[in-house]
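# An overview of the molecular structure
Listed below, chain by chain, are the residues.
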Amino acid sequence: MTGHTTTTTTTTAAAATRSPRRAFLMHLGEMLLAMALGMVVLGGAIEGALMLLGTSLGAAPAAVSAAVMAFDMTLPMVWWMHHRGHPARHNVEMAASMVVPSALAVAAHWAGLIGSDTVMLLQHQLMIPAMVGVMLWRYDHYSH
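Residues numbered from 1 in each chain as written. Predicted model: local features only at pLDDT ≥ 70, side-chain atom pairs only at ≥ 80, totals over all residues. Heavy atoms only, no water.

## Brief notes about the pattern of salt bridges
- Taken as a whole and assessed by the stated rule, the structure comprises two salt bridges.
- Arg 84 serves as the salt-bridge partner of Glu 30, at 3.3 Å between the closest nitrogen and oxygen. Here the residue Glu 30 occupies a position in helix H2 (residues 20-52), and Arg 84 occupies one in the loop between helix H3 (62-83) and helix H4 (88-110), the gap between them amounting to 54 residues.
- With a relative accessible area of 19%, Glu 30 lands in the buried category.
- Classification of Arg 84 by relative accessible area gives partly exposed; the value is 44%.
- Two residues, Glu 93 and Arg 138, come together in a salt bridge whose shortest N-O distance is 2.6 Å. With Glu 93 in helix H4 and Arg 138 in the loop between helix H5 (119-137) and helix H6 (139-142), the pair connects residues that are 45 residues apart, well separated along the chain.
- Assessed through its relative accessible area of 14%, Glu 93 is described here as buried.
- For Arg 138, a relative accessible area of 22% translates into the label partly exposed. (Salt bridge = Lys/Arg side-chain N within 4 Å of Asp/Glu carboxyl O. Helix = DSSP H or I, 4+ residues; strand = E, 2+ residues; numbered from the N terminus. Buried < 20%, exposed > 50% of the residue type's maximum accessible area, 1.4 Å probe, protein only.)

## Quick look at H4
- Here H4 spans 32 Å end to end across 23 residues, near enough to the 33 Å set by a 1.5 Å rise per residue.
- The largest bend in H4 comes to about 25°, at Ala 96.
- Among the residues of H4, His 90, Asn 91, Glu 93, Met 94, Ala 95, Ser 97, Met 98, Pro 101, Ser 102, Ala 105, Val 106 and Ala 108 are the ones counted as buried.
- Summarising the contacts, the buried residues of H4 are in contact with H2, H3, H5 and H6.
- Looking one or two places after H4, you find Gly 112, whose phi comes out positive at around 80°. (Expected span 1.5 Å × (residues − 1). Bend = angle between axes of the 7 residues up to and from the residue. Contact = heavy atoms within 4.5 Å.)

## A word on the packing of H2 against H5
- Between H2 and H5, the least distance of the axes is 11 Å, while the angle of their chain directions is 145°. Between H2 and H5 lies a crossing whose hand is right-handed. Residues Phe 24, His 27, Leu 28, Met 31, Leu 32, Met 35 and Met 39 of H2 form the contact with H5, whose participating residues are His 124, Ile 128, Met 131, Val 132, Met 135 and Leu 136.
- For the contact of H2 with H5, the residue count by class is 11 nonpolar, two polar and no charged. (Axes fitted to C-alpha atoms, helices over the stretch in contact; angles between N-to-C directions. Left-handed = near helix turned anticlockwise from the far one by under 90°. Nonpolar A, V, L, I, M, F, W, Y, C, P; charged D, E, K, R; others polar.)

## Observations regarding the side chain of Ser 143
- Turning to its location among the elements, Ser 143 is positioned in the segment after H6.
- When neighbours within four sequence positions are excluded, Ser 143 is seen to be in contact with Ser 19, Pro 20, Ala 23 and Phe 24.

## Looking at the nonpolar core
- Of all hydrophobic cores here, the largest spans 16 residues; its most connected members are Met 77, Met 94, Met 98, Met 131 and Met 135.
- At the level of secondary structure, the elements contributing two or more residues to this core comprise H2, H3, H4 and H5.
- Leaving out residues up to four positions away in the same chain, Met 98 has contacts with Met 35, Ala 70, Met 73, Thr 74, Met 77, Met 127 and Met 131.
- Membership of the second largest hydrophobic core comes to eight residues, among which are Ala 62, Ala 63, Val 106 and Ile 114. (Core = buried A, V, L, I, M, F, W, Y, C linked by side-chain atoms within 4.5 Å.)

Structural data, given as structure tokens:
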């Protein structure tokens, strides 16, 4: 009986320490880590393949570089969310929080509002707030 009480108390205490805010921040951290790993691993693999072909992403138009960056960051995020059991609609929303800002940055470049050297910077400046915005919109989901 004492062992059961200890287990129940330990489980209850562990659940109590995982506050909604902590769960939300843990998910945000997981998404940021997945994005960073995607940039390093996928970005490195793509850049390596391009080097074998005698070119690089640096030689590509800004729209292509932004699309590759969006892909590199989105794929591991969506894969990790799927792995963690998130519903497909949340995976799509999170992917959109990466793709839409990328498209906006490219559109701003095509409209002549920003230079090609600023596309990637604007893309990243828009992605993180967009991702956090989606997470806040679905706070009940990401906070447990």
